[in-house]
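Now for the letters of each chain:
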Amino acid sequence: MLRFLLTRTMTMVFTAFCLTIIVFFLTNLAPNLEKIAKSEAGSRISDAEVESWLARNGYGDPMIHRYGQWLGVVPGWVIEEEDRIRGRCIRPGMAPEDAPTFCGILQGDWGRSTVFRQDVSQVIARGLNLTAILMFWVMVVMVPGALLVGVLAGMREGSRTDRTLSTVSIVMTATPEYVSGVVFITVFASSAVGLRWFNGSATSAMDQITFVNFTLPVLTIALYGLGYIARMTRASMTEVMTAQYIRTARLKGVSFPTIVTRHALRNALIAPFTVIMLQFPWLLNGVVIVETLFNYKGFGWTLVEAAGNNDIELLLGVSVVSVFVVLVTQLISDIGYVFLNPRIRIS
Amino acid sequence: MTYHDRTGTAIHPGARLYAREVQEGKLSRREFLVRSTALGVSASAAYGLIGLNAPVAAQETPVSGGTLRMAMETRGQKDPRTWDWSELANFGRGWLEYLVEYNADGSLRGMLLESWEANDDATQYTLKVRPGVTWNNGDAFTSADVAHNITRWCDSTVEGNSMAARMGTLVDPDTGVARDGAIEIVDDMTVVLTLTEPDITIIVGMADYPAAVVHQSYDDTDPTLNPIGTGPYLPEQNDVGIRQVLVRNEDHTWWGTEVYGGPYLDRIVYIDYGTDPAAVLAGAESGEIDATYQTTGDFVDIFNGLGWVQSEAVTASTVCIRFNQDSEPYTDVRVRNAIQLAVDNNVVLELGYNDLGVVAENHHVCPIHPEYAELPPLEVDPAAAEAALDEAGHGDTEFELISVDDAWQSSSCDAVAAQMRDAGMTVRRTVLPGSTFWNDWTKYPFSATEWNMRPLGVQVLNLAYRSGVAWNETAFANAEFDALLSQANSIADADERRVIMADIQRIMQDEGVVIQPYWRSLYRHTTANVHGAEKHPTFEHHHYKWWMDA
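Throughout, a residue's number is its position along its own chain's written sequence, starting from 1. A letter from A marks each chain and a number from 1 marks each ligand, given out in the order of writing. Totals for whole chains, interfaces and linings use all residues, but because this is a predicted model, local features are given only for residues with pLDDT of at least 70 and pairs of side-chain atoms are given and counted only at 80 or more. Excluding hydrogens and water, the side-chain values take into account all heavy atoms of the structure.

**Description of the overall build of chain A**
Comment: elements are numbered from the N terminus, with helices defined as DSSP H or I runs of at least four residues and strands as E runs of at least two. Helix and strand content of chain A: 13 helices and four strands. Computed over C-alpha atoms, the radius of gyration of chain A comes to 26 Å, more than 25% over the 20 Å expected from 2.2 N^0.38 for 347 residues, which places it beyond the range of a compact globule. Taken over the C-alpha atoms alone, chain A extends approximately 90 × 60 × 30 Å along its principal axes. A total of 347 residues make up chain A; the buried ones form 48% of that total. We call two residues contacting when some pair of their heavy atoms lies within 4.5 Å. Taking the contacts inside chain A whose residues are at least 6 apart along the sequence as the reference set, 68% of them involve residues at least 24 apart. Surface exposure here means Shrake-Rupley accessible area, sampled with a 1.4 Å probe, where a residue is shielded only by the protein chains that are shown. Of the roughly 17100 Å² of accessible surface on chain A, a fraction of 66% belongs to carbon and sulfur atoms. A radius of gyration in this sense is built from C-alpha atoms; the matching globule rule multiplies 2.2 Å by the number of residues raised to 0.38. Burial classes follow relative accessibility: with a 1.4 Å probe on protein chains only, a residue under 20% of its type's maximum area counts as buried, one over 50% as exposed, and anything between as partly exposed.

**Thoughts on the nonpolar core**
For this analysis, a nonpolar core means a set of buried residues of the types Ala, Val, Leu, Ile, Met, Phe, Trp, Tyr and Cys, connected via side-chain atoms within 4.5 Å. Formed by 125 residues in total, the largest nonpolar core has its most connected members in F32(B), L127(B), I150(B), L193(B), M206(B) and Y465(B). The contact partners of F32(B), leaving out residues within four places of it in the chain, are A15(B), Y18(B), A19(B), V22(B), L27(B), T37(B), A46(B), L49(B) and I50(B).

**A word on the domain arrangement of chain B**
Residue and element names in this part refer to chain B. The domains assigned to chain B are domain 1 (3-49), domain 2 (74-211) and domain 3 (314-521). Throughout the structure description, domain borders are defined by an automatic or database domain assignment. Each of domain 1 and domain 3 has a C-alpha centre, and the two are 34 Å apart. If you look at the interface, domain 1 gives nine residues, while domain 3 gives 12 residues. Summing both sides of the interface, domain 1 and domain 3 together bury roughly 750 Å²; the carbon and sulfur share of this comes to 45%. The term salt bridge refers to a pairing of a side-chain nitrogen on Lys or Arg with a carboxyl oxygen on Asp or Glu at a separation within 4 Å. The tally of links between domain 1 and domain 3 comes to zero salt bridges. N or O atoms within 3.5 Å of each other form a polar contact, as long as, within protein, one can give a hydrogen and the other can take it, and as long as residues adjacent in sequence are counted only when both atoms are side-chain atoms. On the surface where domain 1 and domain 3 come into contact, there are zero residue pairs in polar contact (both at pLDDT 80 or more). Secondary structure elements with two or more residues in the side of domain 1 that touches domain 3: α1 (13-23) and α2 (29-38). The residue classification treats Ala, Val, Leu, Ile, Met, Phe, Trp, Tyr, Cys and Pro as nonpolar and Asp, Glu, Lys and Arg as charged. All others, Gly included, are polar. Taken together, the residues of the side of domain 1 that touches domain 3 break down into four nonpolar, no polar and five charged. In this description, buried area is defined as the sum, over both parts, of the accessible area (probe of 1.4 Å) that is lost when the two are combined.

**A few points about the interface of chain A and chain B**
Between chain A and chain B, the contact holds 38 residues from the first and 36 residues from the second. Summing both sides of the interface, chain A and chain B together bury roughly 3000 Å²; the carbon and sulfur share of this comes to 42%. Counting the surface chain A buries against chain B, the share from its top three residues, S43(A), R44(A) and R117(A), is 23%. Here chain A and chain B share three salt bridges between them. The shortest N-O distance in the salt bridge between K443(B) and E34(A) comes to 3.1 Å. Taken together, the connections running from chain A to chain B amount to 16 residue pairs in polar contact (both at pLDDT 80 or more). Among the elements that make up the side of chain A that touches chain B, the one with the highest residue count is helix α2 (residues 30-41) of chain A (six residues).

**Details of the sheet that holds strand β8 (residues 233-239) of chain B**
All names here are of chain B. The four strands lie next to each other as β1-β10-β9-β8, forming an open sheet whose pairing is mixed. Edge positions in the sheet fall to β1 (67-71) and β8, since each of these pairs with one other strand and no more. The sheet shows a mean angle of 15 degrees between the axes of neighbouring strands, taken without regard to direction. Relative to strand β10 (residues 267-271), β1 runs parallel, the two being bridged by five bridges. The partner of M70 across the bridge, within β10, is Y270. Two strands make a pair as long as DSSP finds a minimum of two bridges between them. Fitted lines through C-alpha atoms give the axes, limited to the stretch in contact for helices. The angle between two N-to-C directions lies from 0 to 180 degrees.

**Things to note about the packing of helix α12 (residues 299-308) of chain A against helix α13 (residues 312-340) of chain A**
Residues and elements named next belong to chain A. Their axes nearest at 9 Å, the elements α12 and α13 cross at an angle of 140 degrees. Looking at the two axes, α12 sits oblique to α13. With respect to the hand of their crossing, α12 and α13 are arranged in left-handed fashion. In this structure, α12 uses F299, T302, L303, A306 and A307 to contact α13, whose residues at the interface are L314, L315, V318, V321 and S322. A class-by-class count of the residues in the contact of α12 with α13 yields eight nonpolar, two polar and no charged. Angle categories are assigned with fixed cut-offs, so that under 35 degrees is roughly parallel, over 145 is roughly antiparallel, 65 to 115 is roughly perpendicular, and the rest are oblique. By the definition used in this description, the sense in which the near helix is turned from the far one sets the handedness, with an anticlockwise turn below a right angle giving left-handed and a clockwise turn giving right-handed.

**Topic: the sheet that holds strand β5 (residues 124-129) of chain B**
Residue and element names in this part refer to chain B. Overall, antiparallel pairing links the four strands, which are arranged β4-β5-β7-β6 in an open sheet. Of all strands in the sheet, those bounded by a partner on one side alone are β4 (113-118) and β6 (183-187). Across the sheet, the mean angle from the axis of one strand to that of its neighbour is 20 degrees, orientation sign disregarded. Examined bridge by bridge, β4 and β5 share five bridges and lie antiparallel to one another. Residue pairing for β5: W116 is matched across the bridge by L127. Against the sheet, helix α5 (residues 143-154) engages β4, β5, β6 and β7 (190-194), with an angle of about 180 degrees to β6.

**Side note on the side chain of R243(B)**
Looking at the element boundaries, R243(B) is found in strand β9 (residues 243-248). Looking at R243(B), its side chain comes within polar contact range of the side chain of D207(A), at 3.0 Å.

**Notes on the pairing of β8(B)**
All names here are of chain B. As defined by bridge partners, β8 adjoins β9 across six bridges and the pair is classed as antiparallel. In the sheet register, Q237 faces β9, and the bridge partner there is V245. Where β8 folds back on β9, the antiparallel hairpin that results is connected by three residues, among which G241 adopts a positive phi of roughly 80 degrees.

**Let's talk about the confidence of the model for chain A**
Residue-level confidence of the predictor is summarised by pLDDT, bounded by 0 at the bottom and 100 at the top. Per-residue confidence for chain A averages 87 on the pLDDT scale, and 99% of its residues sit at or above 70. Mean pLDDT values for the elements of chain A range from 80 in strand β2 (residues 85-87) of chain A up to 93 in helix α6 (residues 160-174) of chain A.

**Things to note about helix α8 (residues 211-241) of chain A**
Multiplying 1.5 Å by the residue count of a helix minus one yields the expected span of that helix. Here α8(A) spans only 38 Å end to end across 31 residues, well under the 45 Å set by a 1.5 Å rise per residue. Two axes enter the bend calculation: one fitted to the seven residues ending at the residue in question, the other to the seven starting there, and the bend is the angle between them. A bend of about 30 degrees at L219(A) is the largest found in α8(A).

This is the structure:
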């Protein structure tokens with residue numbers, strides 16, 4: 001077990017390392033650096049001004065050198081000007097002599113976001129916090145809903161209940177968020193239809209969540225996953241329901257509700273559990289659309305802003321966090337699988 | 001008859017000349033107000049010269065208190081003189097003020113300057129500092145602060161400092177900084193500016209949004225970090241892309257309370273909804289905002305339908321669908337002219353901006369500008385356009401027209417592209433999200449640029465089309481144009497200037513610099529309880545005028 005955890009952690013570190021190298025390389029291509037200079041020093045500056053700005057702000061070193069600075073194995077850049085000393089490790093309001101020599105991810109310093117003018121760790125923490133709240137409510141709606149629909153549909157394969165619920169879940173899965181979100185806003189939030197039950201903008205939900213301002217974003221994400229998980233649960237349920245031990249139970253005269261809850265359910269939930277855990281990384285990318293659509297400034301929206309503005313250190317931070325989220329949920333999924341299914345051993 | 005303004009000093013003779021021109025119908029009232037107040041005549045005295053009473057704006061008694069929430073893009077702050085977005089200034093206006101203020105009726109009034117006076121040929125300006133102004137750290141505001149700021153503006157060696165172009169007549173072209181002796185501190189309350197040549201725009205330039213006045217200790221970094229200013233508010237929250245909050249500074253006695261009244265609001269909250277106006281609408285319908293920053297296109301009707309109050313500002317703001325003359329195939333003037341010939345500006349106005357404006361003539365001088373010269377109407381001839389393009393050898397060239405995903409800019413470009421296709425050209429339309437577009441926008445060969453209005457016709461020409469200036473993204477470089485423009489800049493009389501303007505405007509058309517299809521009216525919508533926050537023609541937010549019913 002310990003060895004398993006260790007290998008997984010090593011995989012995670014290695015994946016994060018590879019991904020950050022790729023992201024670092026792509027974000028440091030010349031046109032992308034120019035983009036940063038323009039957003040920082042003014043969108044109308046000349047090419048010569050771009051060059052001088054880049055040189056003055058630590059972008060002049062070779063790329064591998066700068067990656068080392070971000071990692072924290074190479075000393076951060078320091079540039080002396082006539083009236084002051086500026087450097088990577090010298091934060092606003094800090095005296096140059098107090099600043100550390102190394103300030104990279106190994107020292108716990110995630111760098112500074114050029115778009116948000118804040119530490120990357122703060123920006124990511126803010127985004128993750130908001131997204132976690134959104135995901136929590138999505139899970140609260142999605143998981144019980146999906147399991148219920150799936151189990152009801154899978155109990156009696158081919159029945160009218162099965163057909164109806166299957167159709168509904170296929171429609172939900174077949175509708176991407178950017179379609180359902182827009183439809184929801186038009187129908188339930190705008191004066192075009194006139195219902196106006198909910199808010200079409202979740203901006204106020206960042207301060208205080210209410211039923212009115214949070215329903216639509218949660219529903220938009222939840223419904224897509226709900227259909228998918230329900231289909232998986234149904235397939236798993238129908239398979240279990242045809243198993244021999246279920247037939248035996250029926251022949252013994254056990255009542256149908258007891259068969260479903262006591263004998264079928266646990267076995268039927270093994271497959272959906274993996275699918276649910278797989279939803280976490282997928283949700284991370286689903287929130288990109290929904291957060292932008294509903295103007296909810298979480299992790300997905302942060303990623304959009306970082307990518308759109310070539311915010312190098314923020315993008316690297318986002319990558320590391322994403323790798324972490326994906327691999328940790330997979331780890332939990334693998335371990336959880338063992339508890340649900342005694343036939344599997346981790347060795 | 002001798003006129004005296006409120007302070008008892010004699011009125012500038014130029015202003016009386018202008019007043020006569022108004023009586024003779026040669027000068028519009030708006031232009032008269034801009035120019036006579038620029039010469040140091042107070043707005044009420046100026047109204048008096050043309051036999052009118054100064055308008056009284058407020059009918060109701062403002063109420064103190066309240067929080068106003070407005071949709072606005074909240075961008076990362078930087079050195080005010082390098083501000084390239086009005087939004088940056090509008091947040092900064094909470095604590096950073098201006099020497100003079102441009103008002104919606106076209107007049108200027110003193111803020112940190114109490115008055116100013118030009119000599120008879122507009123080559124020397126005497127600036128009088130307003131007494132009793134203090135910084136929010138307790139320091140007194142004096143002529144040294146004024147001189148310090150003007151010197152900062154003149155420093156053209158700073159990357160992206162657009163104020164240097166506005167202060168051109170004070171800058172030494174060799175060193176790129178303020179000329180020795182150009183800015184002279186006479187006493188604690190007086191600064192004298194000596195220009196190299198007559199300049200009628202310098203005071204108006206001090207009202208422009210990058211001209212925020214900073215403290216002498218300011219170190220060119222993010223101004224929110226140490227918000228020393230003279231204004232009545234302080235930044236409380238500055239989350240880029242999310243929200244910016246201004247709160248009334250209770251520990252600071254603002255000079256303007258006695259002079260102009262206000263401020264009334266306790267808090268002003270700017271909420272960022274990105275560039276999509278539908279998101280702002282969703283925010284409005286959700287009750288998250290009390291006012292829009294700007295309402296465009298179809299959304300004007302939609303907001304009216306919601307029962308929000310509309311305010312309109314008639315402006316010389318526009319969109320320029322411009323060619324970069326350094327990029328193929330637009331290096332060839334025949335190509336540029338052919339594309340212009342294929343496009344009917346009336347159609348662009350109708351399809352791109354719902355007819356919410358006036359048709360323009362591809363030379364970026366507006367009929368509301370005093371020096372506007374009327375030229376023969378533009379010709380539209382798609383067949384001739386295609387023939388001219390074939391002759392230039394670009395009959396089969398694919399033209400790529402790039403625009404930001406902003407609704408009205410994008411549909412205006414669509415209207416241009418559609419008309420080009422009707423004339424037989426091959427056009428590719430590319431629409432980019434704001435975050436991507438603005439990072440590269442000056443490089444696109446064929447693209448659209450939004451221009452805010454300037455009070456005088458020569459001002460935008462100076463900023464945008466003079467050879468090699470910071471904001472010239474057309475790469476237009478024409479010695480004759482530059483020479484004529486310099487000449488126009490030194491002529492205070494609108495009629496005389498108009499003669500030269502006719503040539504300047506004709507050069508703009510003949511050289512095919514831009515397709516400038518229409519002049520926009522600007523709109524803002526607020527809920528019914530918001531007052532004093534009417535749309536300003538140059539997007540300025542005068543927070544101290546805003547108030548709300550309970």
